Each structure stands twice: as structure tokens, then as C-alpha cells.
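Structural overview for review
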Amino acid sequence: MADLKRERLGEGEALLKRLRRLRLRAATVGKDDRAQLLALIDDIETVRRRLLRECALLDEELKVATVRVTALNTYARVAQISRRPQREQ
């Protein structure tokens, strides 16, 4: 799992760079060049889908991290309570 995360590290940044390059390329394409425009639309749609997939993965990682933090906080609270000296009533 750690290898997968390391492999994926920076993929979102690479996709954003690719999207910037596509945007620059789109600015230079003539309105009459239908083949290039269709190719650009396809490339942009592919990058968009991959970015959405990356967002979904990041969202899932965030949910897991939130659950872990909540569990750790609960564990810490319970540990603190169990260490307190008992009060006499």
C-alpha cells in the first residue's frame, strides 16, 4: 500500500501540468482545425476524469485519516481518565 502511495505521489501535480499545457495548446489551435480541436477535447476530458479519480482517492484518504484521529483522541481521553486518582466521596 505504501508503494502505491509513493508511486501515486505527484500524479495530481503532473495532471495539472498536463492540463496547463493542453490549455496553451488550445489557445494556439485555429478555429478551422476540427481534427486538432477534437483531439484536444478528448485529451482534456481524459485529464479531467483522472483528476476526478484523484480527488475521490484523496477524499477517501481524508476520511480514513479523520477516523484515525478521532480514535486516537478517544484513546487518549480514556487513558487520561484511567490515570486520574479516584476521588473519595
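Predicted model only: the values in this text are computed from it and were never measured. The numbers attached to residues start from 1 for each chain and follow its sequence in the written order. For a predicted model such as this one, the threshold for reporting local features is a pLDDT of at least 70, and the threshold for listing and counting side-chain atom pairs is 80 or more; totals across whole chains, interfaces and linings nevertheless cover every residue. With hydrogens and water excluded, all non-hydrogen atoms of the structure serve as input to the side-chain values.

The terminal C-alpha atoms of helix α3 (residues 34-83) lie 73 Å apart, and with 50 residues this matches the ideal 74 Å at 1.5 Å per residue to within 8%. For α3, the set of buried residues is Leu40, Val47, Leu51, Glu54 and Ala79. Helix and strand assignments follow DSSP, with helices taken as H or I runs no shorter than four residues and strands as E runs no shorter than two, numbered in order from the N terminus. Multiply 1.5 Å by the residue count of a helix minus one, and that product is the helix's expected span. Burial classification: accessible surface area is computed with a 1.4 Å probe over protein chains only, and a residue below 20% of its type maximum counts as buried, one above 50% as exposed, and the rest as partly exposed.

By size, the foremost hydrophobic cluster in this structure holds 6 residues: Leu15, Leu22, Val29, Leu40, Val47 and Leu51. For this core, the secondary-structure elements that each account for two or more residues are α2 (11-28) and α3. Here the element with the most residues in this core is α3; it accounts for 3 residues. Residue contacts are counted whenever heavy atoms from the two residues lie within 4.5 Å of one another. Beyond its immediate chain neighbours, meaning those up to four positions away, Val29 contacts Gln36, Leu37 and Leu40. What is meant by a nonpolar core is a set of buried Ala, Val, Leu, Ile, Met, Phe, Trp, Tyr and Cys residues, joined one to another through side-chain atoms within 4.5 Å.

Okay, α2 next. Here α2 spans 26 Å end to end across 18 residues, near enough to the 26 Å set by a 1.5 Å rise per residue. Among the residues making up α2, those that are buried are Gly12, Leu15 and Leu22. An end-on view of α2 places all buried positions within 75 degrees of arc, on one side of the element. Exposed side chains of α2 directed beyond 90 degrees from the buried face belong to Glu13, Arg21, Leu24, Ala27 and Thr28. Of the surrounding secondary structure, the elements contacted by the buried residues of α2 are α3. In this description, the arc belongs to the directions extending from the helix axis to the C-beta atoms.

What follows covers the environment of Val29. Among the structural elements, Val29 can be located in the loop between α2 and α3. Overall, the relative accessible area of 13% leaves Val29 in the buried class. Measuring from C-alpha to C-alpha, the distance between Val29 and Leu40 comes to 9.3 Å, with 11 residues separating the pair along the chain.

Within this document, salt bridges are pairs made up of a side-chain nitrogen of Lys or Arg and a carboxyl oxygen of Asp or Glu, the two lying within 4 Å of each other. In total, this model carries 5 salt bridges according to the counting rule given. In this structure, Asp43 engages Arg25 in a salt bridge whose closest nitrogen and oxygen atoms are separated by 3.5 Å. Of this pair, Asp43 sits in helix α3 while Arg25 sits in helix α2, and the two are 18 residues apart along the sequence. Since its relative accessible area comes to 36%, Arg25 is described here as partly exposed. Each of Glu45, Arg48 and Arg49 takes part in salt bridges that share partners, so that together they form one network.

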